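# Examining the three-dimensional arrangement
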Amino acid sequence: MPPTQPPRTALITGASRGIGAEIARAVAATGAHTILAARSQSGCDEVAARIHGSGGHARTYALDVTDRASVAALAGELESGIDWLINNAGIAESGPLLARPGCEEEHEELFRRHHEVNFHGSRALTEAFVFGMRTRRYGRVVNVASSAALYGQAYIAAYGSSKFALLGYTLCAADELDGSGVTFNAVCPHYVDSPMLEAAVTRLVEKTGRTEEQARAFFRSQNPGGRIVTQEEVAASVVELLLGGENGMVVELDGSPMPRPRHPNENRTES
Ligand SMILES: NC(=O)c1ccc[n+]([C@@H]2O[C@H](COP(=O)([O-])OP(=O)(O)OC[C@H]3O[C@@H](n4cnc5c(N)ncnc54)[C@H](OP(=O)(O)O)[C@@H]3O)[C@@H](O)[C@H]2O)c1
């Protein structure tokens, strides 16, 4: 008989809706005890109720990843630590590279907000929980980055630069903690069917006068595989990384039939 693994405890941020909710469901289906966190605890409660309905384990917490006190309070509540951390909470808005005259403050705020949530938020959670993982010599961190962490794209410099930062941090952490029992990996989906994409569709309709269907067709056409990635595909890749032993893996999901994994740290030449 294969050796049985103890049930893992998994923290999923941004689990109140969208991709995070699906990741929580898929992680709970492995038998793990899931902890669902987002600013909207009621949203997390609804997701947790569905997990309970399928016989899974879920608890919820109100968490703002940009609020250090909120992160510290959660770390205090989860005193015995966690085994798996999935940094999924994120925001995405578009904007021009250069501030429009008179909109300088708004422009600064757009960049600041994206970096606070998408990069520093994930870093804060990592710093709160990875020390314990390292001490126990076991842990899995999966960061939900984006195709915007792999390629440059017009009008999303705030979002793209925050996701590049997150991916860079993931790869540095993977190298620094290599061999410690704690692994760091990332998934990089292109456009995924979620409330975030629906908001982008609405914004495109408002800005360009396209119909909703035309806007959706636009986003589909941007994915190399010619279709929108599903939340289930993202969740399946996350679970694979949680259950495996890979470290420093970056999995691109672009709507093609198969995910595209790569291992950037392995391509580095030592001086
Ligand atoms: N949808 C896509 O096309 C796509 C593509 C590539 C990557 N991604 C990434 O996938 C992740 C999930 O995206 P999604 O499409 O599921 O977006 P979504 O539907 O807008 O969900 C975002 C989640 O993040 C949470 N969140 C936002 N700000 C937070 C904060 N300050 N503290 C705690 N939680 C916060 C939200 O919950 P509350 O509002 O309740 O806090 C929500 O649960 C994001 O990191 C996103 O960048 C999405």
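Residues numbered from 1 in each chain as written. Predicted model: local features only at pLDDT ≥ 70, side-chain atom pairs only at ≥ 80, totals over all residues. Heavy atoms only, no water.

Formed by 35 residues in total, the largest nonpolar core has its most connected members in Ile23, Val27, Leu36 and Ile86. Only β1 (9-13), α1 (18-28), β2 (33-38), α2 (41-53), β4 (84-87), β5 (139-144), α8 (231-243) and β7 (250-253) provide two or more residues apiece to this core. Grouped together as the second largest cluster of nonpolar side chains are 25 residues, Ile35, Leu78, Ile91 and Phe184 included. (Core = buried A, V, L, I, M, F, W, Y, C linked by side-chain atoms within 4.5 Å. Buried < 20%, exposed > 50% of the residue type's maximum accessible area, 1.4 Å probe, protein only. Helix = DSSP H or I, 4+ residues; strand = E, 2+ residues; numbered from the N terminus.)

Among the residues of helix α3 (residues 68-77), those classed as buried are Ser70, Val71 and Leu74. For α3, the angular spread of the buried residues around the axis is 100 degrees, confining them to a single face. Residues of α3 that are buried make contact with β1, β3 (57-62) and α4 (104-136). For α3, the N-terminal capping position is held by Asp67, with its side-chain oxygen 3.0 Å away from the main-chain nitrogen of Ala69. (Arc of directions from axis to C-beta. Contact = heavy atoms within 4.5 Å. Polar contact = N/O pair within 3.5 Å; in protein donor to acceptor, adjacent residues only side chain to side chain.)

A probe as big as a water molecule, rolled over the atoms, marks out the empty space that is left. Approximately 240 Å³ is the volume attributed to the second largest pocket. Around the second largest pocket sit 14 residues that line it, and Ser94, Gly95, Arg100, Glu106 and Leu110 are the ones nearest its centre. Listed by contribution, the elements that provide at least two residues to the lining of the second largest pocket are α4 and α6 (195-208). With five residues, α4 is the largest single contributor of residues to the lining of the second largest pocket. Grouping the constituent residues of the lining of the second largest pocket by class yields four nonpolar, three polar and seven charged. (1 Å grid on protein atoms, 1.4 Å probe; cavity = no way out; pocket = protein on both sides within 12 Å on 5 of 7 lines; lining within 4 Å. Points joined across faces, edges and corners; volume = space filled by probe spheres on them. Nonpolar A, V, L, I, M, F, W, Y, C, P; charged D, E, K, R; others polar.)

Let us look at the packing of α3 against α4. Where α3 contacts α4, the axes come no closer than 10 Å and their chain directions differ by 30 degrees. Considering their axes alone, α3 and α4 lie roughly parallel with respect to each other. Helix-helix and strand crossings are classified by hand; for α3 and α4 the assignment is right-handed. Along its contact with α3, which presents Arg68, Val71, Leu74 and Ala75, the element α4 presents Glu116, His120, Arg123, Ala124, Leu125, Ala128 and Phe129. (Axes fitted to C-alpha atoms, helices over the stretch in contact; angles between N-to-C directions. Parallel < 35°, antiparallel > 145°, perpendicular 65-115°, else oblique. Left-handed = near helix turned anticlockwise from the far one by under 90°.)

The next subject is the site of the ligand. The environment of the ligand is formed by 29 residues, the closest being Ser16, Arg39, Tyr159, Val192 and Ser194. In this structure, an oxygen atom belonging to the ligand sits 2.7 Å away from a side-chain N or O atom of Arg39. Separating an oxygen atom of the ligand from a side-chain N or O atom of Tyr159 is a distance of 2.7 Å. Alone, the ligand offers 880 Å² of accessible surface; in the complex the protein occludes 95% of this. (Near = heavy atom within 4 Å. Areas by Shrake-Rupley, 256 points an atom, 1.4 Å probe, with all protein chains shown as cover.)

The subject of this paragraph is the domain arrangement of the protein chain. The domains assigned to the protein chain are domain 1 (9-190 + 229-254) and domain 2 (197-226). Distance from the C-alpha centre of domain 1 to the C-alpha centre of domain 2: 25 Å. At the interface, six residues of domain 1 touch five residues of domain 2. Buried area between domain 1 and domain 2, summed over both chains or domains, comes out near 450 Å², and the portion from carbon and sulfur atoms is 32%. Joining domain 1 to domain 2, the criterion identifies zero salt bridges. Where domain 1 touches domain 2, the interface holds two residue pairs in polar contact (both at pLDDT 80 or more). (Domains from an automatic or database assignment. Buried area = accessible area lost by both parts, 1.4 Å probe. Salt bridge = Lys/Arg side-chain N within 4 Å of Asp/Glu carboxyl O.)

Each aromatic ring pair is characterised by the separation of its centres together with the angle its planes make. Within this structure, the stated rule accounts for three aromatic pairs. Here the aromatic rings of Phe119 and Tyr169 are separated by 5.7 Å at their centres, their planes lie at 75 degrees, and the arrangement is edge-to-face. Taken together, the residues Phe119 in helix α4 and Tyr169 in helix α5 (residues 157-176) connect sequence positions 50 residues apart. Relative to Phe219, the ring of Phe218 lies with its centre 5.3 Å away and its plane at 70 degrees, an arrangement referred to as edge-to-face. Classification of Phe218 by relative accessible area gives partly exposed; the value is 26%. Above the ring of Phe218, the side-chain terminus of Arg210 is found at 5.0 Å from the ring centroid. (Phe/Tyr/Trp six-rings, centres within 6.5 Å; stacked < 30°, edge-to-face > 60°. Lys NZ or Arg CZ within 6 Å of the ring centre and 35° of its normal.)

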